[in-house]
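# Survey of secondary and tertiary structure
The lines below spell out each chain.
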Amino acid sequence: MRRLSTFLFGVVVGGALVFFGQRYHVVRTTSGVELIPKLSAGLVETYVDIRNFQTSDWEKHKSLHAAIVRAKKESILSGAPAAAGAQGTKPAPANPKSPRAI
């Protein structure tokens, strides 16, 4: 009976970890660990260490960047492109009255 209860405990713990992994990004930052809700369920990017991320790294992890912005935790973004640019919007046009816009 002891083996069966140990097995069932392992099944429950494993199922809980898979459920958690499908729902949250675990993000390692310079200030600690953050839990960010995923935009869609899946096991992609469950754990990401962003301590040394550059702009090129954020280009590879667009769904993580969008999830961080949606969770309103932009303060953990380092080297990330502007939030508006990551959402696919165009940058604001140049001021036509400025001397460089001529």
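Before reading further, recall that the structure is shown in the block above.
These remarks concern the structure in this document. (Residues numbered from 1 in each chain as written. Predicted model: local features only at pLDDT ≥ 70, side-chain atom pairs only at ≥ 80, totals over all residues. Heavy atoms only, no water.)

What follows covers the overall build of the protein. Regarding its fold elements, the protein presents four helices and three strands. Its helices and strands in sequence order give the protein the pattern α-β-β-β-α-α-α, from N to C terminus. Counting the 102 residues in the protein, one finds 21% classified as buried. Sequence separation of 24 or more characterises 26% of the internal contacts of the protein that already satisfy a separation of 6 or more. Of the roughly 7,700 Å² of accessible surface on the protein, 60% is carried by carbon and sulfur atoms. (Helix = DSSP H or I, 4+ residues; strand = E, 2+ residues; numbered from the N terminus. Buried < 20%, exposed > 50% of the residue type's maximum accessible area, 1.4 Å probe, protein only. Contact = heavy atoms within 4.5 Å. Areas by Shrake-Rupley, 256 points an atom, 1.4 Å probe, with all protein chains shown as cover.)

Turning our eyes to something else, we now look at the packing of aromatic side chains. Throughout the structure, instances matching the rule amount to two aromatic pairs. Note on Phe 20 and Tyr 24: the rings are 5.3 Å apart at their centroids and 25° apart in plane angle, and the pair reads as stacked. In this structure Phe 20 comes out as partly exposed when scored by relative accessible area, which is 31%. Relative to Trp 58, the ring of Phe 53 lies with its centre 4.9 Å away and its plane at 75°, an arrangement referred to as edge-to-face. With relative accessibility at 2%, the residue Trp 58 sits in the buried group. (Phe/Tyr/Trp six-rings, centres within 6.5 Å; stacked < 30°, edge-to-face > 60°.)

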